[in-house]
Amino acid sequence: MTETSGHGLAGWWQRRSSLAMAKAPKSDTAKVHLYTRWTFASLGGAEVGMNVGTLLPFGAGPVKPALFLMIVVHAWLCVQLSSRALDWRLGQAERPVRLLLAVAGYSAAALATLLALRGTAVRDEDFGVLLLAVSGFGLGAVAMGLRTARHGVRAVLGTVGGTVVVALLAGKGWAVALLCAAGVTAMGSLFTCAYLLSAWMVSVVWELDAAREAQTRLAVAEERLRFGRDMHDVMGRNLAVIALKSELAVQLAERGRPEAIAQMTEVQRIARESQREVRDVVRGYREANLHTELDGARSVLAAAGIDCRIEEAATGAALPAEVQSALGWVVREATTNVLRHGDARRCTVRLSVRERGSEALLTVENDGVPDPAADAAAGEPTRPGTGLAGLRERLVALDGTLEAGAVAGGCFRLTVRVPLPKAGAAAGAGTGAGAGAGAVTSPVPGVVSPSAPLPSPSPSVSALDDEMAL
């Protein structure tokens, strides 16, 4: 019967994760757990099996049957203790203290009985097998219920000392006592290590599985944070534009001017565009375009009556795609902050490649320093926003940095530095050196004229250029 058939022993083993071992998070973990548990059970059977030839067939008198029954009970107790102690070590059950004491006491009594019967009812060659079986399996099971390996070592040493004392009290002499001590030390140490290593192996597998589960949950949480950050960055500016144009439409309507209809029509179009952008974010397709965001920032700020200047010492085409995307999100968030906070009259956006093409530098500066008191009076929230924190998270992936704060002259400046790879840096440096061939000219050197052509603007802001005419 093959494993693919789904029947028989192989099929049962493959389906183990959905059976009684449902406590185990993964099938591999369940298999290791099951293998270890059945190993302990088979060791109990081995204890009985290794003494069958010694105690069977029963001779005259009740001694051998009683000893065989003693071994069977001892093996059963050891199996129960090792199983329950394994569950305790995995955090699935309480510590089996009573069963631990019962096995320890029963093992001590069995060892004392064997020592007392040695040379009379138990032959010397049979005595060695019985002593090693009781001491080895008993100490291994007891070690499973102890808290540390050090306690297991103490249990072995205590058993060895007790064996010597009982042998001397039974009049067996030092030779027999030392021989028994050596056997108990060897078997006790062997089985204690074997049991503890098996339990440790299962615990490590469980910890690895738990770590994998935690990693999965962290990945889901990180994706949720990314989605929330993208939603904030996408919707923040569009909502600010909608609020601005709605306020303008109200003022125009109060004055009876027909331009209010056009403003509300534009609000409706921007809202539909926002729906499309939200769908793109959900699908994971949207990437911010630096040129589009620069043009959109200029149009939106101009619609709000803010003089916006864009200075480019290097074109965005010279930058790697991931750098362009990150800087595009920075421009979008910075534009949103200028609209929402402060009372800016001018805003300057500078983009350059510095330090021999090894770093892209973006600076957004405006003369409207946020006023918490004014924001509170206007009904704006005074608690810190999440936009800059989201930008920092984006830039961390590129080893970039972001600094923001008030500077001299009553201005607010946001500075972003992003390291460039060698290939991108070389291209950026070459473009910067030859900017005169492809840069947009302006009456002021290095300043892009507001009327100069740029790449196709975003539909959400392309119709805002006529705002100033009102």
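Predicted model only: the values in this text are computed from it and were never measured. (Residues numbered from 1 in each chain as written. Predicted model: local features only at pLDDT ≥ 70, side-chain atom pairs only at ≥ 80, totals over all residues. Heavy atoms only, no water.)

Student: Mind showing me how you'd approach unusual backbone geometry here?
Tutor: For residues that are not glycine, phi is negative in most cases, and the peptide bond is trans in most cases. Residue D399 is not a glycine yet carries a positive backbone phi of 60 degrees. The topology assignment puts D399 in the loop between α13 (387–396) and β4 (401–407). (Helix = DSSP H or I, 4+ residues; strand = E, 2+ residues; numbered from the N terminus.)

Student: Honestly, helix α4 (residues 63–89) in this entry has me stumped. Any pointers?
Tutor: Each full turn of the α-helix corresponds to 3.6 residues, which orients residues three or four apart in the same direction. The terminal C-alpha atoms of α4, which comprises 27 residues, lie 38 Å apart, in line with the 39 Å expected from a rise of 1.5 Å per residue. Positive phi shows up at G91, right after α4, with a value of about 75 degrees. (Expected span 1.5 Å × (residues − 1).)

Student: Any chance you could explain the nonpolar core here in plain terms?
Tutor: Where a protein is soluble and globular, its nonpolar side chains tend to be buried together. In this structure, L319, L327, L362 and V416 are the most contacted members of the largest nonpolar core, which totals 33 residues. Broken down by secondary-structure element, the contributors of at least two residues to this core are α8 (173–254), α10 (290–303), β1 (307–312), α11 (321–340), β2 (346–354), β3 (359–366), α13 and β5 (411–419). Counting residues per element, this core draws most heavily on α11, which supplies 8 residues. The residues contacting L327, other than those within four sequence positions of it, are L290, L319, L351, A360, L362, V416 and V418. Ranked by size, the runner-up nonpolar core spans 22 residues in total, among them I71, L111, L131 and V184. (Core = buried A, V, L, I, M, F, W, Y, C linked by side-chain atoms within 4.5 Å. Buried < 20%, exposed > 50% of the residue type's maximum accessible area, 1.4 Å probe, protein only. Contact = heavy atoms within 4.5 Å.)

Student: Sorry, what's going on with the environment of V416 here?
Tutor: With respect to the secondary-structure elements, V416 resides in strand β5. Sequence separation of V416 and L327 is 89 residues, and the distance between their C-alpha atoms is 8.1 Å. The contact partners of V416, leaving out residues within four places of it in the chain, are L327, V330, A360, L361, L362, L395, T401 and L402.

Student: What am I meant to see in the pairing of β2 here?
Tutor: In summary, the side chains of a regular strand alternate between the two faces of the sheet. Across 6 bridges, the pairing between β1 and β2 is parallel. Following the sheet pairing, C308 is matched in β2 by C347. (Pairing = 2+ DSSP bridges.)

Student: Is there a simple way to explain the pattern of salt bridges in this structure?
Tutor: Side chains that differ in sign of charge can pair as their charged atoms come close. Counted according to the given criterion, the structure contains 9 salt bridges. Put simply, R332 and E293 hold a salt bridge, and the shortest N to O gap is 3.4 Å. With R332 in helix α11 and E293 in helix α10, this pair connects stretches of sequence that are 39 residues apart. A relative accessible area of 0% means that R332 is categorised as buried. R350 serves as the salt-bridge partner of E311, at 3.1 Å between the closest nitrogen and oxygen. Taken together, the residues span a long stretch of sequence, with E311 in strand β1 and R350 in strand β2 at a distance of 39 residues. On the basis of relative accessible area, R350 is assigned to the partly exposed category, the value being 33%. Among the charged side chains, a network of salt bridges with common partners joins E311, R350, E365 and R413. (Salt bridge = Lys/Arg side-chain N within 4 Å of Asp/Glu carboxyl O.)

Student: Could you clarify how one ought to interpret the state of the cysteines in this entry?
Tutor: Put plainly, a disulfide is one covalent bond tying together the sulfur atoms of two cysteines. Enumeration according to the criterion identifies 0 disulfides in this entry. Looking at C308, it has no disulfide partner, and the nearest cysteine sulfur is the one in C347, 5.1 Å off. Accessibility expressed as a relative area gives 6% for C308, which makes it buried. (Disulfide = S-S within 2.5 Å.)

Student: Could you clarify how one ought to interpret a nonpolar patch on the surface in this entry?
Tutor: A contiguous nonpolar patch, built from Y35, L197, W200 and M201 and spanning about 480 Å² of accessible area, is present on the exposed surface. A total of 3 residues in the nonpolar patch trace back to one element, the largest contributor, which is α8. Topologically, Y35 is positioned in helix α2 (residues 27–49). Among the residues examined, Y35 registers a relative accessible area of 54% and is labelled exposed. (Patch = residues over 30% accessible without salt bridge, like charges linked within 9 Å, V, L, I, M, F, W, Y side chains within 5 Å. Areas by Shrake-Rupley, 256 points an atom, 1.4 Å probe, with all protein chains shown as cover.)

Student: Sorry if this is basic, but what is going on with the packing of aromatic side chains here?
Tutor: How two aromatic rings sit relative to each other is given by the distance of their centres and the angle of their planes. Per the counting criterion, the structure on display carries 3 aromatic pairs. When the ring of F40 is compared with that of Y195, the centres are 4.9 Å apart and the planes differ by 10 degrees; the resulting orientation is stacked. Here the residue F40 occupies a position in helix α2, and Y195 occupies one in helix α8, the gap between them amounting to 155 residues. On the basis of an interplanar angle of 40 degrees and a centroid distance of 6.5 Å, the ring pair of F191 and Y195 is categorised as tilted. Here Y195 and F191 lie together in helix α8, a separation of 4 residues that amounts to about one turn. In this structure an aromatic cluster arises from ring pairing among F40, F137, F191 and Y195. R95 extends its terminal NZ or CZ atom over the ring of W88, reaching a point 5.5 Å from the ring centre. (Phe/Tyr/Trp six-rings, centres within 6.5 Å; stacked < 30°, edge-to-face > 60°. Lys NZ or Arg CZ within 6 Å of the ring centre and 35° of its normal.)

Student: Help me understand the environment of L361, please; the structure alone is not making it clear to me.
Tutor: With respect to the element layout, L361 can be found in strand β3. When the C-alpha positions of L361 and R417 are compared, they lie 4.8 Å apart, and in sequence the two are 56 residues distant. Excluding residues within four positions of it along the chain, L361 makes contact with R350, L351, S352, R354, T415, V416 and R417.

Student: So what exactly am I meant to see when it comes to helix α7 (residues 149–169) here?
Tutor: Its 21 residues place the ends of α7 30 Å apart at the C-alpha level, agreeing with the 30 Å of an ideal helix rising 1.5 Å per residue. Taken together, the buried positions of α7 are G152, V156, T159, V160, T163, V164 and A167. All buried residues of α7 fall inside an arc of 130 degrees around its axis, so they share one side. Away from the buried face of α7 by more than 90 degrees, exposed residues R150, R154, L157 and L169 are located. (Arc of directions from axis to C-beta.)

Student: I tried to follow the packing of helix α5 (residues 97–117) against α7 on my own but got confused; where do I start?
Tutor: Axes are the key here: two packed helices are described by the angle between their axes and the distance separating the axes. Between α5 and α7, whose axes approach to 10 Å, the crossing angle comes to 30 degrees. Between α5 and α7 lies a crossing of right-handed hand. Contacts between α5 and α7 involve L111, A112 and L115 on the former and, on the latter, T159, T163, V166 and A167. When its residues are assigned to classes, the contact of α5 with α7 shows 5 nonpolar, 2 polar and no charged. (Axes fitted to C-alpha atoms, helices over the stretch in contact; angles between N-to-C directions. Left-handed = near helix turned anticlockwise from the far one by under 90°. Nonpolar A, V, L, I, M, F, W, Y, C, P; charged D, E, K, R; others polar.)

Student: Got a minute to help me understand the packing of α4 against α5 in this structure?
Tutor: Between α4 and α5, the least distance of the axes is 10 Å, while the angle of their chain directions is 155 degrees. Between α4 and α5, the angle is such that the two are roughly antiparallel. As for how α4 packs across α5, the hand of that crossing is left-handed. Contacts between α4 and α5 pair V63, L67, M70, V73, H74, L77, C78, Q80, L81 and R84 from the former with L99, L100, V103, Y106, S107, A110, L114 and L117 from the latter. Looking at the contact of α4 with α5, its residues break down into 14 nonpolar, 3 polar and 1 charged. (Parallel < 35°, antiparallel > 145°, perpendicular 65-115°, else oblique.)

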